[in-house]
Amino acid sequence: MKYRPEIDGLRALAIVPVIGFHAKFIGFSGGYIGVDIFFVISGYLITTIIAQEVCAGRFSIINFYERRARRILPALFAMLAPVYLFSWSWLPPSAFIDFNESLVASSIFSSNLYFWHSADYFDTAAELKPLLHTWSLAVEEQYYIFFPVLICTVWKFGRYIVISIIALMFVLSLGLAEWGVDQVPSTAFYWLPFRGWEMLIGSLCALYRMYHPPSDRLSYINHGTSVLSIVMIITSVVSFNEQTPWPGLYALVPTVGTALIILFAHERSLGGRLLASRIFVATGLISYSAYLWHQPLLAFVRHRTIGEPSHMLLGLMVVLTFFLAYCSWRWIEAPFRNRSLINRNQIAVGSICGIVIAAGVGFLGGGQSEMLQVGWANPLNSPPQVALYDSDNEALRLQSWEPLRKKTGDANYSASNNSADYNAWFDPLDFRANLLLVGNSFSKDLYNTLSASRSVREQYELARFGVQIRDLSYGHAFFDSPNYRQANVVILVTRWTDADVENLASLLARVRHDGKTAGVVKAITEFPEYRYGAWNLADKIVFENRSLTNSETANLINKSYTDFVQNGPVNQLQIAHNLMIEEVSSNFPNVTVLDRMDYICAKQECIGSSPSVEKTFYDYGHHTLSGADIFGRQIDDLAWLDQVKTKAVR
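Residues numbered from 1 in each chain as written. Predicted model: local features only at pLDDT ≥ 70, side-chain atom pairs only at ≥ 80, totals over all residues. Heavy atoms only, no water.

A. How the structure looks around the layout of surface pockets. Looking at the second largest pocket, its volume works out to about 910 Å³. The wall of the second largest pocket is formed by 33 residues, among which Arg-11, Leu-45, Arg-68, Arg-71 and Arg-337 lie closest to the centre. Going through the elements one at a time, helix H1 (5-22), helix H2 (33-55), helix H3 (61-90), helix H6 (134-154), helix H13 (278-285), helix H14 (287-303) and helix H15 (311-337) are the ones with two or more residues in the lining of the second largest pocket. In terms of residues, the lining of the second largest pocket owes the most to one element, H2, which gives nine residues. (1 Å grid on protein atoms, 1.4 Å probe; cavity = no way out; pocket = protein on both sides within 12 Å on 5 of 7 lines; lining within 4 Å. Points joined across faces, edges and corners; volume = space filled by probe spheres on them. Helix = DSSP H or I, 4+ residues; strand = E, 2+ residues; numbered from the N terminus.)

B. Summary view of the packing of helix H10 (residues 219-239) against helix H11 (residues 252-264). H11 packs onto H10 with a crossing angle of 150° between their chain directions and a minimal axis gap of 8 Å. Looking at the two axes, H10 sits roughly antiparallel to H11. The handedness of the crossing between H10 and H11 comes out as left-handed. Within the contact between the two elements, H10 uses Ile-221, Asn-222, Thr-225, Ser-226, Ser-229, Ile-230, Met-232, Ile-233 and Ser-236 and H11 uses Val-253, Pro-254, Val-256, Gly-257, Thr-258, Leu-260, Ile-261 and Phe-264. Taken together, the residues that form the contact of H10 with H11 break down as ten nonpolar, seven polar and no charged. (Axes fitted to C-alpha atoms, helices over the stretch in contact; angles between N-to-C directions. Parallel < 35°, antiparallel > 145°, perpendicular 65-115°, else oblique. Left-handed = near helix turned anticlockwise from the far one by under 90°. Contact = heavy atoms within 4.5 Å. Nonpolar A, V, L, I, M, F, W, Y, C, P; charged D, E, K, R; others polar.)

C. The pairing of strand S1 (residues 433-439), seen in detail. In terms of burial, S1 is largely enclosed, as seven of its seven residues are buried. The alternating pattern of S1 places Ala-433, Leu-435, Leu-437 and Gly-439 on one face and Asn-434, Leu-436 and Val-438 on the opposite face, and all of these are buried. Examined bridge by bridge, S1 and strand S2 (residues 460-466) share seven bridges and lie parallel to one another. If you follow Ala-433 over to S2, its bridge partner there is Tyr-460. (Buried < 20%, exposed > 50% of the residue type's maximum accessible area, 1.4 Å probe, protein only. Pairing = 2+ DSSP bridges.)

D. Broad picture of the sheet that holds strand S4 (residues 517-521). If you trace the five strands from one edge of the open sheet to the other, you get S2-S1-S3-S4-S7, paired in parallel fashion. Because the sheet does not close on itself, it has two edges, and the strands there are S2 and strand S7 (591-594). Going from strand to strand, the sheet's axes swing by 20° on average, the running direction of each strand aside. This element, helix H19 (residues 441-451), spans S1, S2, strand S3 (489-493) and S4 of the sheet and lies at about 165° to S2. The strands touched by helix H25 (residues 572-585) are S4 and S7; relative to S7, the strand with the most contacts, the crossing angle is about 160°.

E. A look at the packing of aromatic side chains. Inspection of every chain in the model, using the stated rule, returns 45 aromatic pairs. Among the aromatic side chains, those forming a connected cluster through ring pairs are Phe-527, Tyr-561, Phe-564, Tyr-599, Phe-617, Phe-631 and Trp-640. A cation over an aromatic ring shows up here: Lys-444 above the ring of Trp-401, its NZ or CZ 5.1 Å from the ring centre. Directly above the aromatic system of Phe-479 lies the positively charged group of Arg-510, at a separation of 4.2 Å from the ring centroid. (Phe/Tyr/Trp six-rings, centres within 6.5 Å; stacked < 30°, edge-to-face > 60°. Lys NZ or Arg CZ within 6 Å of the ring centre and 35° of its normal.)

F. Main features of empty space enclosed by the protein. Scanning the entire structure with this criterion turns up three cavities of 30 Å³ or more. What the largest cavity holds in volume is close to 100 Å³. Among the elements of the structure, H1 and H14 are those that each provide at least two residues to the lining of the largest cavity. Here the lining of the largest cavity is built from residues that sort into five nonpolar, two polar and four charged.

G. Region of the structure containing the confidence of the model for the protein chain. Here the protein chain averages 93 in pLDDT, while 97% of its residues score no lower than 70. For the stretch residues 646-650, pLDDT sits under 50, and the model shows 15 contacts to residues farther than four places along the chain or on other chains. (pLDDT = per-residue confidence, 0-100.)

H. Spatial organisation of the nonpolar core. Grouped together as the largest cluster of nonpolar side chains are 109 residues, with contacts concentrated most on Leu-76, Tyr-121, Trp-135 and Phe-147. Leu-508, Val-520, Met-597 and Leu-641 belong to the second-largest nonpolar core, a separate cluster that totals 77 residues. (Core = buried A, V, L, I, M, F, W, Y, C linked by side-chain atoms within 4.5 Å.)

I. Here's a closer look at helix H17 (residues 393-400). Listed as buried for H17 are Asn-393, Leu-396 and Ser-400. End-on view of H17: buried residues confined to an arc of 55°, all on one side of the axis. In the core, the buried residues of H17 are packed alongside helix H18 (402-408), H19, strand S6 (535-536), helix H23 (537-544) and helix H27 (625-638). (Arc of directions from axis to C-beta.)

J. The pattern of salt bridges, seen in detail. Considering all chains together, one arrives at 27 salt bridges under this definition. Here Arg-67 makes a salt bridge to Glu-53, at a shortest N to O gap of 3.3 Å. On the criterion of sequence distance, the pair formed by Arg-67 in helix H3 and Glu-53 in helix H2 is long-range, its members being 14 residues apart. You can call Glu-53 buried: its relative accessible area is 10%. Across the pair Arg-195 and Glu-198 runs a salt bridge whose closest N-O atoms are separated by 3.1 Å. Within this pair, Arg-195 and its partner Glu-198 are both found in helix H9 (residues 192-211), separated by three residues, close to a single helical turn. Residue classification places Arg-195 among the buried positions, given a relative accessible area of 1%. One network of salt bridges, with partners in common, ties together Lys-24, Glu-127, Arg-302 and Glu-308. (Salt bridge = Lys/Arg side-chain N within 4 Å of Asp/Glu carboxyl O.)

This is the structure in C-alpha cells:
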C-alpha cells in the first residue's frame, strides 16, 4: 500500500480535538468527533490492505492479525502498566475496583460494553475513569474480527457485489444509529452495530480509490473539496457539543468530511499539502500513543484536585501527553512493527502473555483494595478521623437502598424497572391509610424519611413505585399495579424535568379520576459537588477544616448549606418547574403541594450534618440513612405530612 502522508495529517486533525475536548479547552466542545475520524481512517486502511492483498492472491488472516497486534498491543500494554501503578496509589478504593474491571474489559477488547453498562461518556464522573477511552479500541477490534472474513467470503462474487453489500450495511448501520440516538443513546454510542457505518464509509472510500484514482485533470475539484472537507471537520469541532445526538445523522458532517479528504486530498491539492506538512504528519505519527496516554493523565490530575484543574495544569498534562506519545512511538511502536527486530512468534507469545497478565491482574486486583492500601499517595483519599464522618459516598448511596431491598427481598432493587413494584405491599388487615410514593431515586429518599417519622408510621402504611413521572401515560402498567389500586394517597416525587412537568396535569387527572388524594413534592435545592461528584459540600468542609472539633465541623457544615440556600446561585429551571407544579396542582382540589426544603431547612437552618458529623446527603441532594432519620424527626416536629388529607381512611 502506497504511503499517503496526508492520512497521517488527518490523524492529527483527529487527535488534537479529542484531547482538547477531554481537557475542556475552549473551542473544542465537539472534539469527541476525532474518534469518528479515526473510525473512518481505520475502515479505509484495513479495506485497502485486504482488497489489494486479496486481488494479488496473497491475503492471510494470520498476517492481518499479526499487523493489528504489532500496531495496537505493545503501546497499549506499555500504557496499562504505569497507569495501573498510578491507579493503585492515587485512586480511592471504589474507583480502583472500577478501574480493575475496566482493565479486564480493555485487555480483551470489550471495554465498549463495560462502559456502556457503567458510564455515560459525557457524564462528568466519566472524566475520572483512566481507561474510558479504550472503548473505541474495542469497537475497532470487534470490527476487525468480522470484516476480513466478510471481504474474503464475498470477494469472489465480484466488486459490485462487494460494494453493494458494504453499502447496504452502511445504510442499515446509519439508520440504526439515527434511531438509537433517540431510543437507546448509550447503546448507540458504544456498540459496534451503531458505529459500524463510520468504518464502512472508509471501506467504501478504499474500494472507490482502487478503481478511480485521483486525477490532476480535475485539480480544481481536488483543491476545493479537500479544503471544504477540512472546514467540515473544524466546524464540527467548534459547533457540536455534548447535547448533539451522536452518532446519528449529525455525525455525517465530520465523517463525510474525512471521506472527502481520503478521496480528493493528495500531495498536489491544497488540503493535501496542508495535511502533509511536517507538523501535521509528525503529530499524526504519534496520534495513537497520544490517544492512549491523554485520558489517564487527565483523569489522574482530576483525582488529585478538589475542583476542575486549572487550564495551566491541564495544559501541562497535554504537553506531557505528547512527550510520552513521542517516547512510545519512538521506542515501542516503531520497533515492534519492525519484523527484522521482532518476529511473528515473539509477537504472538507477547500478545497472549500481555492479555492474560492484564486481565488476570485486573480480575484479582479489584478484590484486594484493602490489602493493597489503595490510594495511599493521594491525600484526598485520607479522610480526617472526625466522629462518625464517612467519606465513602458510594457506600452511603448503596446503604440508602437497603431498607427497600430488605422490604422487597430484591437485592438489586433500584430507581426503576423493579418487578417487586408490581407486587402487593399493603396489608389488607392494617388499619392505617395506604400511602404510595411514586418517582425516581428521590422517592426512595422520601420513603426512608417517612419511614423514620413516628407520626407518619402511625397514620400510614408505605409503598413505593419506581418510575419516571414523564413515562406515566394513561395506559402504563403502573395504574394496574396492586399498590396503586389499593393506595389512598399517591405522592409524586422526582428530579423534575420539562417532560415530567408536562405530564403532570394528565397524571393528576387520572389520580383524581381514580378517587385518590395526591401530593406533589417540589424540586429541592441541588447543592454543589466536588471532585466530579465524588464529594459533596460536607466532604469539602471536612477535608478543608481538619483542625476543628466535631461540633465546630458540624456547625460549619450546616452553616455552609444554609448559606448556599440563602445566597447561592439561583437555579432558574428549578424555580420554573416549581411554579409550574404549583400552577398545575392548583387546578385539582385533591392535590397538596409539598416542599422538602421545609424539613431540610427548618428553623432557618439547613441540616447537612448531625452533631457527630454524620452527613445527611451523599451527593447533591439524596439523603443518607442518617439524613433520613434526622429529617424524619423534623417531619414530626413540623407535622409536614398533615397537609395531605385522605378521602378514605380504613
